[in-house]
Amino acid sequence: MPRQARIDAPGALHHIICRGIERRKLFLNDADRNDFVDRLSRIVTGSETLCYAWALMPNHFHLLLRTGTLPIATVMRRLLTGYAVSFNRRHHRHGRLFQNRYKSILCQEDPYLLELVRYIHLNPLRAEIVEDLEALDGYAYCGHSRLTGRVSDDWQAMDGVLSLFGKQTKTAMRHYRRFVEAGLDQGKRPELTGGGLLRSAGGWGELKSQRRMKAHLKGDERILGDSDFVMQVLESAQEHLEARYHLKAQGYTFDRLIAWVSDRFGISIDDTLSPGKYPHRVKARSVAAYLAVRKLGMDGTSVGKRMGVGQSAISRAVARGEKLMTELEISSPFKG
């Protein structure tokens, strides 16, 4: 059965679960764990990806991320590739480190954000990596210790969680800990990590109730949310894919796009493709980057190679280009 495409969008919330190949250990010692956390912190900061929760387990890890300036797939590729190379070098090994594909679940923020934060952060306690909640409070390799104030970091999106528990930081931390403590007896929660229709329905109890009422629910293993949310996401994703393929079928290529942008801004194609700090050129390149990535569906790395800059520069250009399209009232060249 073919793999389904990952679903992503700016601001989307994702629960990421990644396991070692053949369930082998990903972290053999604190040097491995520190390396992973350092890489994670740099990548999410550089891409403006928000990390609300995370936990490192011996043979897998959990992340709760909100898409920033880079697609989650790009963020994960950088994280996994860099860590695998470093791990193999450190332990004198070769070959794959991770399973073929990590699980990425697009989540409905309300009511799942806090439930996912609690579920992810209780993983080390459920697995008996730490003895009790007090030990978890200070466990360095889980985001819970940052939200309790026991470990200090500036990369984790603490405000996005603590603001839901109160305006004063210390008070919010206490309320957050009580919330986590209240979930100690919940055990494993398959409705948050798998089950497709089961997850989208909100668990076995809700699913059975809906079935008794003969309700028809829409489920998808890539999405955590109610039926309406699942349908909305799937319809939006399909519209995006159909638009991209439609444009390519009409012959819209990167070269054709660059020619249109160059004409629109009154500069040469060479100027549009060449890096420079002249304001007019920067605007043209930003609009071109936005249209190439967001409309044609090209990846930032490919666009960067054509325009002589790196992935991070293209990500910034895409953000600028999106604003310029509105500010300058530029109509998209893609019509019909």
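Just so it is clear, the structure is predicted and the values come from calculations on it, not from any experiment.

Pulling in residues and values, what's your account of the environment of Leu122?
Assignment of secondary structure puts Leu122 in the loop between helix H3 (109–121) and helix H4 (123–126). Taking C-alpha positions, Leu122 is 9.2 Å from Glu181, a pair spaced 59 residues apart along the chain. When near neighbours in sequence (up to four residues on either side) are disregarded, Leu122 contacts Leu136, Val180, Gly183 and Leu184.

Can you tell me about the pairing of strand E1 (residues 13–19), naming the residues and giving the values?
Burial within E1 is extensive, with six of its seven residues counted as buried. Relative to strand E4 (residues 103–107), E1 is paired through five bridges, and the arrangement is antiparallel. Counted as the bridge partner of His15 is Ile105 from E4.

How would you summarise helix H16 (residues 311–327) if you had to cite specific residues and measurements?
Between its first and last C-alpha, H16 extends 24 Å over 17 residues, near the 24 Å set by a 1.5 Å rise per residue. Buried residues along H16 sit in contact with helix H2 (72–90), helix H14 (279–295) and helix H15 (300–307). Remark: Glu329 follows H16 within two positions and exhibits a positive phi of approximately 55 degrees.

So what's going on with the nonpolar core? Residues and values would help.
Counting residues in each nonpolar core, the largest one holds 60 residues, and the members touching the most others are Phe61, Leu63, Met76, Phe98 and Val117. Per-element accounting of this core gives the leading share, eight residues, to H2. Discounting residues that sit within four places of it in the chain, Phe98 has contacts with Cys18, Arg19, Gly20, Ile21, Leu26, Phe61, Leu80, Tyr83 and Ala84. With 23 residues, the next largest nonpolar core counts Tyr252, Ile258, Phe265 and Val303 among its residues.

Tell me about the packing of aromatic side chains, and please be specific about residues and values.
Aromatic ring pairs are described here by two measures, namely the spacing of the ring centres and the angle between the planes. All chains considered together, the criterion is met by 10 aromatic pairs. Relative to Phe61, the ring of Phe36 has its centre 4.7 Å away and its plane inclined at 50 degrees; by these criteria the two rings are tilted. One end of the pair, Phe36, is in helix H1 (residues 30–46); the other, Phe61, is in strand E3 (residues 60–66), and 25 residues separate them in sequence. Across the pair, Phe61 and Phe36 agree in class, each one buried. A centroid spacing of 5.8 Å and a plane angle of 80 degrees characterise the contact between Tyr139 and Tyr141, whose relative ring orientation is edge-to-face. Neither residue differs from the other here; Tyr139 and Tyr141 are each classed as buried. Taking the ring centre of Phe179 as reference, the NZ or CZ of Arg118 above it sits at 3.8 Å.

Rules used in this analysis
- Residues numbered from 1 in each chain as written.
- Predicted model: local features only at pLDDT ≥ 70, side-chain atom pairs only at ≥ 80, totals over all residues.
- Heavy atoms only, no water.
- Helix = DSSP H or I, 4+ residues; strand = E, 2+ residues; numbered from the N terminus.
- Contact = heavy atoms within 4.5 Å.
- Buried < 20%, exposed > 50% of the residue type's maximum accessible area, 1.4 Å probe, protein only.
- Pairing = 2+ DSSP bridges.
- Expected span 1.5 Å × (residues − 1).
- Core = buried A, V, L, I, M, F, W, Y, C linked by side-chain atoms within 4.5 Å.
- Phe/Tyr/Trp six-rings, centres within 6.5 Å; stacked < 30°, edge-to-face > 60°.
- Lys NZ or Arg CZ within 6 Å of the ring centre and 35° of its normal.

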